[in-house]
Protein chains: 2
Amino acid sequence: MKINNNNNDIILLAHGDGGKKSADLINDFILKHLKNNILEKLEDSAVLNLKDFNGKKIAFTTDSFVVKRLFFPGGDIGKLSVCGTINDLITSGCMPIALSLSFIIEEGFSLYDLEKIILSIKETVNSSTCKIGVVTGDTKIVEKGYADGMYINTSGIGIINQEVNISPPNIEENDDIIINGSIAEHGIAILSTRKEFNFKTNIKSDCACLDKLVIEMLNVSKNIHALRDATRGGLARVLIELAELSNFDFEIYEDTIPIKNEVRGICDFLGLDPLYIANEGKIVAFVKNSDTEIVLNAMRKNPSGKDAKVIGKVKKRKNTRERTIPKVSLITKLGTHRVLSLFYSEQLPRIC
Amino acid sequence: MKINNNNNDIILLAHGDGGKKSADLINDFILKHLKNNILEKLEDSAVLNLKDFNGKKIAFTTDSFVVKRLFFPGGDIGKLSVCGTINDLITSGCMPIALSLSFIIEEGFSLYDLEKIILSIKETVNSSTCKIGVVTGDTKIVEKGYADGMYINTSGIGIINQEVNISPPNIEENDDIIINGSIAEHGIAILSTRKEFNFKTNIKSDCACLDKLVIEMLNVSKNIHALRDATRGGLARVLIELAELSNFDFEIYEDTIPIKNEVRGICDFLGLDPLYIANEGKIVAFVKNSDTEIVLNAMRKNPSGKDAKVIGKVKKRKNTRERTIPKVSLITKLGTHRVLSLFYSEQLPRIC
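These numbers were taken from a predicted model, which means no experiment stands behind them. Throughout this document, residue positions are counted from 1 along each chain, in the order its sequence is written. Labels follow written order: the first chain is A, the first ligand is 1, and so on. Under the rules for a predicted model, residues below a pLDDT of 70 receive no local features and side-chain atom pairs below 80 are neither given nor counted, while totals for whole chains, interfaces and linings still include all residues. Side-chain metrics in this entry use all non-hydrogen atoms of the structure; hydrogen atoms and water are not considered.

Draft legend 1. Inspection of the domain arrangement of chain A at higher detail. All names here are of chain A. On domain assignment, one finds that chain A holds domain 1 (13-160) and domain 2 (168-339). Segmentation of the chain into domains, including their bounds, is taken from an automatic or database domain assignment. Centre-to-centre separation of domain 1 and domain 2, based on C-alpha positions: 28 Å. Counting residues at the interface gives 25 residues for domain 1, matched by 24 residues for domain 2. In this description, buried area is defined as the sum, over both parts, of the accessible area (probe of 1.4 Å) that is lost when the two are combined. Taken together, the two surfaces of domain 1 and domain 2 that pack against each other cover about 1900 Å², and 65% of this comes from carbon and sulfur. Contact with domain 2 buries surface across domain 1, with P73, N87 and T91 losing the most and accounting together for 27% of the total. For this analysis, a salt bridge means a side-chain nitrogen from Lys or Arg found within 4 Å of a carboxyl oxygen belonging to Asp or Glu. Counting across the domain 1 and domain 2 interface gives zero salt bridges. Runs of H or I in DSSP of at least four residues are treated as helices and runs of E of at least two as strands, each being numbered from the N terminus. Every element with two or more residues in the side of domain 1 that touches domain 2 is listed here: strand 3 (71-72), helix 2 (77-90) and strand 5 (95-106). For this classification, Asp, Glu, Lys and Arg are treated as charged, while Ala, Val, Leu, Ile, Met, Phe, Trp, Tyr, Cys and Pro are nonpolar and the rest, including Gly, are polar. Among the residues forming the side of domain 1 that touches domain 2, the class breakdown is twelve nonpolar, nine polar and four charged. Residue contacts follow a heavy-atom distance rule, with two residues in contact if any of their heavy atoms lie within 4.5 Å.

Spelled out as structure tokens, the structure:
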């Protein structure tokens, strides 16, 4: 099927029932665009023959995507689902090997939109380092009224070299905290697609696969102690989680955090805190101070890292009578300290 | 939280937004019951250190579950999602190593039901050979009206010994086709939960993990050429797919196919063909004729295989002018031949 704006074909319940229409959907859409010599076997499990594997570790991750709207400035649910899973692998210092792709699609969904999403998945996989791509999948159809168009789950596996050991407990005192660019753009781009918010913006989602960026960082330094992508809950959530997992306090300097003026303006207007807004192409790295410059230089050569900056520092944990858990302090432009904590309830649902 | 019938707590949108409530849900429900030394790290990817791995192959599979109703005679969506993924791994001759677990939950869902489902997942994993269990996961919450209670995705990875090579292209002429017990019980159990069908039955879903059964089969024979679990589309779909993938014709003998009388009666009454109705604990094995007896004997020692039978045979493919693809012939009790084909549209949606 060619992508054709006049095509009114839609998903039927029969596309998900294991009969002839299911087979057509797999052949005419999924295999047509995502075929490789493993996926085309259509076996219940993909079998991967990893050579020279001894001594290496495997990483395994999963993510479901329920983003509302499916198409947004800078991406769509297909691109998002590939980037999200590749970024979860790469933040373990793991080279992505293969992805699974599972659709839950609502009856009546446009086949034209489905094909656009599959093509976006194809393009995103092809531009990443995950060369085998999608090796196994599943499609379920639910009746009209039981999903919001489409949900996607992508899981991923990858391999880690024995020498690479990136994990929050490795964080050390005096590590620099680095981010690869400006924050909160994914969340704002998603909001701009929702009628209830009623605003226009040129801001696009930062949705991107960060595998090449991280590989370049790992090539220049053995002292990257932890990496995490700042998605749901934004930069603040990642910092709070990693402070707990590492058992250190962090200091973040407000005037160093890159935020575009337009994002700041929209956040002010809507009463949102950009530190808590989702990103889909931002990584936070904890790097030994002696390696900070070479890591920053390597990052800035990659389009996803050109605005990389140090935004904070790891400090010895100080307990007070009021606080017995690690804290993340935001040092404001005025020099005051604000302790970041998880919101009871987050600002934006269905952001990814 | 203790399971308590009086508990009216429900899922809120805030449980899925990456804030404090999300963390509570993970700690008080998921980790509480499914914790292991990998999952508890809560990293974006689970890292598995597989020792002595050289020369082995990895299998990778994914499945989303949208079964309607979430609780049914013989199981629930939690048990189903673990069994479905373990069975997909084991039918590649692959030992299950680790699972991912991703929830999409509708706002307003009962926390009591959520905990029941998580406990069912725990029990199913513990009774399987997948000893590490759930190592990575994700939870997304959608607004009321955008899911039917809950959907689950489970993906799984496992390892395959170099010597094991189970795959449809290995099917040979004269292989016996074996099934491990009576068919169509999952589909009928699911239907019995739906008000629109309005019938009562004692039939329970056959939902079960078949890993131990398959391991016992592989222990006694090196001549098991292909295995497939007969889920959506039933026994007929598996046979039609494997005939195509192996390029052989199959003959199936109607009077040998185990079907419980009550299932047959309900199917007659509703106008359904049991050959096309889903199972969740049935495996179809293609075995070299010389090994059939030892494989059957091994199967019958396992509760999931006690009614194992030979139901058909692999035949040389015969092309006719009318037919250039492999065919599956059902030899009826009257001796007539009926060629099985995929239905244009399947009989039952949302069966798994």
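Draft legend 2. Expanded view of helix 2 (residues 77-90) of chain B. Residues and elements named next belong to chain B. Helix length check: helix 2, at 14 residues, gives a terminal C-alpha distance of 20 Å against a target of 20 Å (1.5 Å per residue), a fit within 8%. Of all 14 residues in helix 2, 13 are buried, a share of seventy percent or more. The definition of a polar contact used here is a pair of N or O atoms within 3.5 Å, where within protein one atom must be able to donate a hydrogen and the other to accept one, and adjacent residues in sequence count solely through side-chain atom pairs. At the N-terminal boundary of helix 2, the capping side chain belongs to D76, with an oxygen 2.7 Å from the backbone nitrogen of G78. To estimate how far a helix should reach, multiply one less than its number of residues by 1.5 Å. Burial here depends on accessible area, computed with a 1.4 Å probe over protein chains only, as a share of the maximum for the residue type. Under 20% is buried, over 50% is exposed, and the range in between is partly exposed.

Draft legend 3. Layout of the interface of chain A and chain B. Facing the 80 residues of chain A at the interface are 80 residues of chain B. Between chain A and chain B, roughly 6300 Å² of surface is buried when both sides are summed, and carbon and sulfur atoms account for 53% of that area. Across the chain A-chain B interface, the total number found is ten salt bridges. Of the charged contacts in the structure, one is a salt bridge between E143 of chain B and K68 of chain A, with a shortest N-O distance of 3.3 Å. Where chain A packs against chain B, one counts 33 residue pairs in polar contact (both at pLDDT 80 or more). Partitioning the side of chain A that touches chain B into residue classes produces 35 nonpolar, 23 polar and 22 charged. Strand pairing follows a simple DSSP-based rule, namely that at least 2 bridges must link the two strands. Relative to strand 1 (residues 46-48) of chain B, strand 2 (residues 57-65) of chain A runs antiparallel, the two being bridged by three bridges. If you follow I58 of chain A over to strand 1 of chain B, its bridge partner there is L48 of chain B.

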